[in-house]
Amino acid sequence: MHFDEFLKYAPKILNVELPATKAHAKMVPPNREELIRNTDFTKITPKKAAVMMLFYPRNYQTHLALILRTSYNGVHSSQIAFPGGKVEVEDFDLKHTALRETHEEIGVHPNLVTVIRAFTEVYIPPSNYMVYPFLGHSHEELEFVLQEDEVAGLVEFPLKDFLDDRILKTTNMKTSYAGSIDVPGFQVQEHFIWGATAMILSELKETLKMVL
């Protein structure tokens, strides 16, 4: 989709009722739904993080920025994700966290990002994080500068491919809380995206279908 066309539709997203957990449920890995349902949020305090779903033009076509996390000793090692990270004490709200982390991780200054709205938060049981997604766009063709200690690579994902239902896949894999199970997700180029990022992508995809 041409970026100018995307910009015409973007304001309509403000007035859409988000599909929220209905969209998330399509990408919930087996056992995770039960884990979340059995979690008593009155007895735990999830850590908070915010991420940015950032659209931008590349050769006049609309793209979405995704990152490949570096390999480390943790549950999200080497996974595809959105730029973002945990809330710091200097952040005055969650939007600020998403913008700050996007700047730190992929070099996009907050002044270049127009934030459209917040999306529905997603809880991640293995790491005890509540993740708050924000949708934004940049009018410029971006030059990314990756934070090498946290970001191993960038995936520039064309919107036309994102809207194609043929990228919806199920693959067998081992997770941090289960053995060999079939997990729903998105096949993006050579990467399989699952878990919280897939749940957020699912809500984004369903929302865009309502306005495009």
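Residues numbered from 1 in each chain as written. Predicted model: local features only at pLDDT ≥ 70, side-chain atom pairs only at ≥ 80, totals over all residues. Heavy atoms only, no water.

## So, the side chain of Glu101
Counted only if it meets this: To qualify as a helix, a DSSP run of H or I must reach at least 4 residues; to qualify as a strand, a run of E must reach at least 2; elements of each kind are numbered from the N terminus. Contacts are assigned to residue pairs with any non-hydrogen atoms lying within 4.5 Å of each other.
Residue position: Glu101 is located in helix H4 (residues 94-106). If we skip the residues at most four places from it in the chain, Glu101 touches Gly84, Gly85 and Lys86.

## Looking at the pattern of salt bridges
Cut-off, in case you're wondering: By definition, a salt bridge exists where a carboxyl oxygen of Asp or Glu is found within 4 Å of a side-chain nitrogen of Lys or Arg.
Summed over all chains, the structure comprises eleven salt bridges. Linking Glu101 and Arg100 is a salt bridge whose minimum nitrogen-to-oxygen distance equals 3.1 Å. Taken together, the shared-partner salt bridges connect Asp91, Arg100, Glu101 and Glu104 into one network.

## Section: the side chain of Arg69
Put simply, the test is: N or O atoms within 3.5 Å of each other form a polar contact, as long as, within protein, one can give a hydrogen and the other can take it, and as long as residues adjacent in sequence are counted only when both atoms are side-chain atoms.
Following the sequence through the fold, Arg69 ends up in strand E2 (residues 61-69). Among the polar contacts made by the side chain of Arg69, one reaches the side chain of Glu105 at a distance of 2.6 Å.

## A few points about the packing of aromatic side chains
Note the following rule: Under the pairing criterion, centres of Phe, Tyr and Trp rings, with the six-membered ring standing for Trp, must be within 6.5 Å; the plane angle then separates stacked pairs below 30 degrees from edge-to-face pairs above 60, leaving the rest tilted. Buried means the residue's accessible area, taken with a 1.4 Å probe over protein chains only, is under 20% of the maximum for its type, while exposed means over 50%, and partly exposed covers the values in between. Sitting over a ring, as applied to charges here, requires NZ of Lys or CZ of Arg to be within 6 Å of the ring centre and within 35 degrees of the ring normal.
Within this structure, the stated rule accounts for five aromatic pairs. Both rings, one in Phe162 and one in Phe186, keep their centres 6.1 Å apart while their planes meet at 45°; by these two values the pair is tilted. Highlighted residues: Phe162 in helix H5 (residues 159-162) and Phe186 in strand E10 (residues 178-188), separated in sequence by 24 residues. In this pair, the class of Phe162 matches that of Phe186, namely buried. Put simply, the rings of Phe3, Phe6 and Phe55 pair up and form one aromatic cluster. Directly above the aromatic system of Phe162 lies the positively charged group of Lys205, at a separation of 5.3 Å from the ring centroid.

## A short note on unusual backbone geometry
A positive phi angle, near 50°, is found at Ala20, a position not held by glycine. As for its placement among the helices and strands, Ala20 is situated in helix H2 (residues 20-25). Within the chain, Asn59 stands out as a residue other than glycine whose phi angle is a positive 55°. By the secondary structure assignment, Asn59 is in the loop between strand E1 (47-58) and E2.

## A word on H4
Rule in force here: Multiplying 1.5 Å by the helix residue count minus one yields the expected span of that helix.
With 13 residues, H4 should reach 18 Å at 1.5 Å per residue; the first-to-last C-alpha distance of 18 Å fits that figure. Along H4, the residues that are buried comprise Thr97, Ala98, Leu99, Arg100, Glu101, Thr102, Glu105 and Ile106. Each element contacted by the buried residues of H4 is listed here: E1, E2, strand E4 (84-86), strand E5 (114-118), strand E7 (129-137) and strand E8 (151-158). Of the residues one or two after H4, Gly107 is the one with positive phi, at around 80°.

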